[in-house]
Amino acid sequence: MKRRKALGNVIGVLLLGLLVTLVAELIDRQRQESLRHQQAAGQLQRLSAELEQTLGALMPLADPLAARLAADPQLPEEELRALTEPLLDRHRRLVNIAISRGLRIVHVNPLAGNEAVLGMDFGLRPEMMEGVRRAVARRGNSLAGPLPLLQSGRLGVIVRTPFFAGGADPRSGELLGLISTVIDLQGLLEDSGLYDPELPFALALRGREGLGERGEVFFGDPELFHEADLQREIVLPDGRWMIAAQLKRAQGYPPQRALWLRGGGALLTLGLLALVLFDGRPARGPQWSESMRKVPLRGFLSRRLLMLLLPIIAVQGWLSYQAALSAAEQFQKQLASEIGLRVHDKVAEFFEVPRRVLSFNAEQARLGLLDVAQPEALVGNFLLQLRQQSLLTFLSLGTAEGEYHAASRPPRGEDRALRMLQARQGDGRAMLLYRVDDANRRGSLISRGNAHFDARLRPWFRAARASGSMVWYPAYRYAIDDESGAYDAMGIGMAAPLYGRSGEFLGVLTADVALLQLSQLLADITRHTGGVAFLAEANGDLLATSSREPVYLLRGTRSIRIKASASDNPLVRTSGQAIAEQGSTEGRTFRELDGERYLVDWGSYALPDGPTLTIGVALPQRQFIAPTSGLLRNVTLVALAVLLLSLLGAVLLSNWIAQPLGTLSRWALRLGNGDWSGEKPVDSRVLEVGMLGDALAMMARRLERHTEELRQQVEARTAELERANRELLHLSSTDGLTGLANRRVFDATLAREWGRARRARQPLALLMLDIDFFKRYNDRYGHLAGDDCLRKVAATLQAGTRRAGDLAARYGGEEFAVIASDLDAAGALALAESIRAAVMAQAIAHADSPLGVVTVSMGVALLVPEDDNSPEILIKLADQALYQAKSQGRNRVEEALGNLAGQAQEVG
Ligand SMILES: Nc1nc2c(ncn2[C@@H]2O[C@H](COP(=O)(O)OP(=O)(O)OP(=O)(O)O)[C@@H](O)[C@H]2O)c(=O)[nH]1
């Protein structure tokens, strides 16, 4: 029975352990799943933003060309080719560029494979007119498609850039034509990371012609829109696309997590099993299986409560710990993302400066508001702009003759007053640096720099010349030989070629920012984080670091770029190496450095129309660990507190339950031992305990009453028994007829008195008495009268023997005997005589007796007990004497004379 119960407990615990483990695993799986969902949502958001950005960067691609065509609509085919060629070269996702005059396409690049497009009229292609109309109505870029491309059958989106008749306000002019830039959609998706089989979700896109959810599905499985896990909107310049994502099936639960969880569950189960198996039993001993040791209720309850509470607390603690970990993880990612985002914003803001400034100036030049022939006025204008743009380092013009006119803010040194730089042909293109006063007037000459500065050899000039349009040029070291080293820095910026009315080349405008400024911005962002942020080119060459280490080395006049993975700053170097190892354009990883763990987070940033850069951020993990460890510590403390409170609660509760029961059981024990004193010791408010106390009290009262009754009954019965015993004793020692001692008592008394007399060496007398002619009496008066006569003789005998040492007994029939101690012969004879006389004196009528009354004959014997005599001899002697009395006439006393005399003499 007990064994079966123990087996049941073991099975119960195993099932409980299994259940707890399964539930914990289920919760963890769900948590993992929701984490995966969150991560996917974040990834989709990032990639969608990337797509928006990539599209956004491609949209204004044809703007400079449009500006050029607006100014000069009749450019010959070769010039058109020269203008479109660099665009196609720089942007690998461009499939072709087509230019229409009015609505008829007059130029397409490349021509090979696109011959069908040439001469095509949009007016005759209604499916294309929609996008064209939108662009014309907006008087700006519009995104059309996606459409299957005539050439490849692949999907392409088309940016329609209309251009209008020029003048002061180009917005009012009539439509001159359109530039159609065809972009490969799949390539676009690849660039933004959306076309990647490794993505954790499947994708579909809808919203052809920017119609959003009303538009057709043009990419992926349309079904996805019905059962999407995630949806997002992609905002286009004149419409929307919708993106739907469905999470791919999980690759399975991480086996390590399962191992941990199941191991924990198994340990918990083992712990519980140990508690159950050794609950209240000695660990070993012969009685282990025979009997269950009794355990106090308090201990029993405490253990049971703990058995119940411990798994709950353990599971609760574990879940809280996991939640805290997850919160910490979220916090960590959020912080890293926030800093990444701020860096990203700053970088975007930084690179927007040269683009904005240059676009403005190029537009001014196109409108004839900047006159290259008036360099003084031009530089004055530049200085004004420089004052408004604190990030701008250079705004310059390089003329077709190699002259140089610039306004500048020196990136280094104490003296940051604006400078005016000029290298004129008249001066042999010697570089002169002047300080500029607040009114933008030329001040003192600071330095004579390069002896023969030729703007045409500078990278910005060459880039603009090569592209024929506004273009980013690669980062380069400034070539201003300033003695104070104020220009010992690198710059990056945009350059745009300027053309005259008749298309003649006038020079190159450039707006440039010193990368030192960017380093400063990055330093501001990461100042209190203990980490670094840096910007590098796609090949890893550093552009700026928040730690402001040099980003290039000088070898003579040559500058050698430093890669992030070779930076002097160990953290930048470690991060650069991590990024190089991973080889992806964005990612997140952890790296150890000097015993500190860092989160390295990087992403790519594509300059609009320019190169793609890498933004890296490395943050020490203690930044995240501090709040996290606080959280974890709190969770652990709370779990411990709950554990202690549970222990205390279990003990208190057990005590509270066990204490009154203990008192009651001790009381019941006292009651069992017959101690009725004392009142009910417990007055509990708990119904069951109260009832038990009342029941025990009632039982005690009943038992007390019952015991008292029993005691009284026993007392009465004992008294009765004693009386009966006494009566029995009396009856067994008394002759029923006469009330004298019977023969048994006579025999015992004689033996006892004989012994006593022998010890005292005193004589013992025996008197034998027999009624004379009693047969006759019976015969005459009847047997009843005979009995009555016997009683009367006995009463006389009793009355005559009142001494303490005398015993009168019925010897048998009508014969009586008297034992008399302490009497000599004379006394014995006298006693006999008095009895005889007393009987006769009673005068009981006896008609058949010679005297007419009842008489008695008596024989007396007396002996001092010796070795040669005995009680039997004494009886015999008395009997002989009686016989003599009978034979000598009756009614007389005879003595056993011979012996008696001798005896008496001896005694006397
Ligand atoms: N009524 C009555 N008679 C008894 C009792 N015991 C003995 N007897 C009678 O006593 C008589 C004794 O008679 P016997 O021994 O012959 O002697 P006796 O008639 O007394 O003559 P002696 O002794 O020679 O004088 C008998 O007849 C018995 O029946 C008794 O308890 N009650």
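Note: the structure precedes this text.
Criteria and cut-off values
- Residues numbered from 1 in each chain as written.
- Predicted model: local features only at pLDDT ≥ 70, side-chain atom pairs only at ≥ 80, totals over all residues.
- Heavy atoms only, no water.
- Buried < 20%, exposed > 50% of the residue type's maximum accessible area, 1.4 Å probe, protein only.
- Helix = DSSP H or I, 4+ residues; strand = E, 2+ residues; numbered from the N terminus.
- Arc of directions from axis to C-beta.
- Expected span 1.5 Å × (residues − 1).
- Near = heavy atom within 4 Å.
- Polar contact = N/O pair within 3.5 Å; in protein donor to acceptor, adjacent residues only side chain to side chain.
- Areas by Shrake-Rupley, 256 points an atom, 1.4 Å probe, with all protein chains shown as cover.
- Pairing = 2+ DSSP bridges.
- Axes fitted to C-alpha atoms, helices over the stretch in contact; angles between N-to-C directions.
- Contact = heavy atoms within 4.5 Å.
- Salt bridge = Lys/Arg side-chain N within 4 Å of Asp/Glu carboxyl O.
- Patch = residues over 30% accessible without salt bridge, like charges linked within 9 Å, V, L, I, M, F, W, Y side chains within 5 Å.
- Lys, Arg positive; Asp, Glu negative; His and termini not counted.
- Charge placed at Lys NZ, Arg CZ, Asp CG, Glu CD.

Participant: It is not clear to me how helix α9 (residues 459–467) should be interpreted in this structure. Could you clarify?
Facilitator: At 3.6 residues per turn, the α-helix brings residues three or four places apart onto the same side. Within α9, the full set of buried residues consists of Trp460, Phe461, Ala463, Ala464 and Ser467. End-on view of α9: buried residues confined to an arc of 165 degrees, all on one side of the axis. Directly beyond the C-terminal end of α9, a positive phi value near 75 degrees is found at glycine 468.

Participant: Please explain helix α8 (residues 375–388) as it appears in this structure.
Facilitator: In a regular helix each residue adds 1.5 Å, so 14 residues correspond to 20 Å; α8 covers 20 Å between its end C-alpha atoms and thus fits that length. Those residues of α8 that sit buried are Pro375, Leu378, Val379, Phe382, Leu383, Gln385 and Leu386. Seen end-on, α8 carries its buried residues on one side only, within an arc spanning 165 degrees. For α8, the exposed residues lying more than 90 degrees away from the buried face are Ala377, Leu384 and Gln388.

Participant: How should the site of the ligand be read in this particular structure?
Facilitator: Taken together, 16 residues surround the ligand, and among them Phe773, Phe774, Lys775, Asn778 and Arg890 come closest. Aspartate 787 is positioned such that a nitrogen or oxygen atom in its side chain is 3.0 Å from a nitrogen atom of the ligand. At 3.0 Å from an oxygen atom of the ligand is found a side-chain nitrogen or oxygen belonging to arginine 810. Protein chains shield 69% of the accessible area of the ligand, which is 660 Å² for the free molecule.

Participant: Before we go on, may I ask you to explain the sheet that holds strand β29 (residues 893–895) in this structure?
Facilitator: Taking strand neighbours across the sheet as the criterion, the five strands line up as β26-β27-β25-β28-β29 in an open arrangement whose pairing is mixed. In this open sheet, the two edge strands, each paired with only one partner strand, are β26 (806–812) and β29. Going from strand to strand, the sheet's axes swing by 20 degrees on average, the running direction of each strand aside. Sheet analysis places strand β25 (residues 764–771) next to strand β27 (residues 815–821), joined by seven bridges and oriented antiparallel. For leucine 764, the partnering residue across the bridge sits in β27 and is serine 821. Strands β25, β26, β27 and β28 (856–863) of the sheet are contacted by helix α16 (residues 783–800), whose axis makes an angle of about 10 degrees with β27. Strand contacts of helix α18 (residues 871–887): β25, β26, β27, β28 and β29, with the helix running at about 145 degrees to β28, the strand carrying the most contacts.

Participant: Help me understand the pattern of salt bridges in this model?
Facilitator: Any two side chains of opposite charge can pair if their charged atoms end up close together. One pass over the full model with this rule turns up 44 salt bridges. With its nearest N and O atoms 3.0 Å apart, the salt bridge here joins arginine 442 to glutamate 376. Here the residue arginine 442 occupies a position in strand β14 (residues 442–448), and glutamate 376 occupies one in helix α8, the gap between them amounting to 66 residues. Residue classification places arginine 442 among the partly exposed positions, given a relative accessible area of 35%. Judged by relative accessible area, which is 39%, glutamate 376 ranks as partly exposed.

Participant: It is not clear to me how the pairing of strand β17 (residues 505–514) should be interpreted in this structure. Could you clarify?
Facilitator: Successive side chains on a regular strand alternate, one facing one side of the sheet and the next facing the other. Within β17, nine of the 10 residues are buried, which leaves the element mostly enclosed by the surrounding structure. Two elements, strand β10 (residues 394–399) and β17, share six bridges in a ladder whose sense is antiparallel. Within β17, the position partnered with glycine 398 by the bridge is valine 508. Two elements, strand β16 (residues 490–499) and β17, share nine bridges in a ladder whose sense is antiparallel. Its bridge partner lying in β17, isoleucine 492 is registered against valine 513. Linking β16 to β17, which pair antiparallel, is a turn of five residues; within it glycine 503 sits at a positive phi near 85 degrees.

Participant: Would you explain a negative patch on the surface in this entry?
Facilitator: Side chains of Asp221, Glu223, Glu227 and Asp229 sit close together on the surface and give a patch of like negative charge. The residue aspartate 221 is located in the loop between β7 (217–220) and β8 (230–236) in this model.

Participant: Please explain unusual backbone geometry as it appears in this structure.
Facilitator: One can expect most non-glycine residues to show negative phi and most peptide bonds to be in trans. For the bond from asparagine 109 to proline 110, the omega torsion is -5 degrees, close enough to zero to count as cis. By secondary structure assignment, the location of proline 110 is in the loop between β2 (104–109) and α4 (126–138). Note that the residue after glycine 145, namely proline 146, is joined by a cis bond; omega there is 5 degrees. Considering the arrangement of structural elements, one finds proline 146 in strand β3 (residues 142–148).

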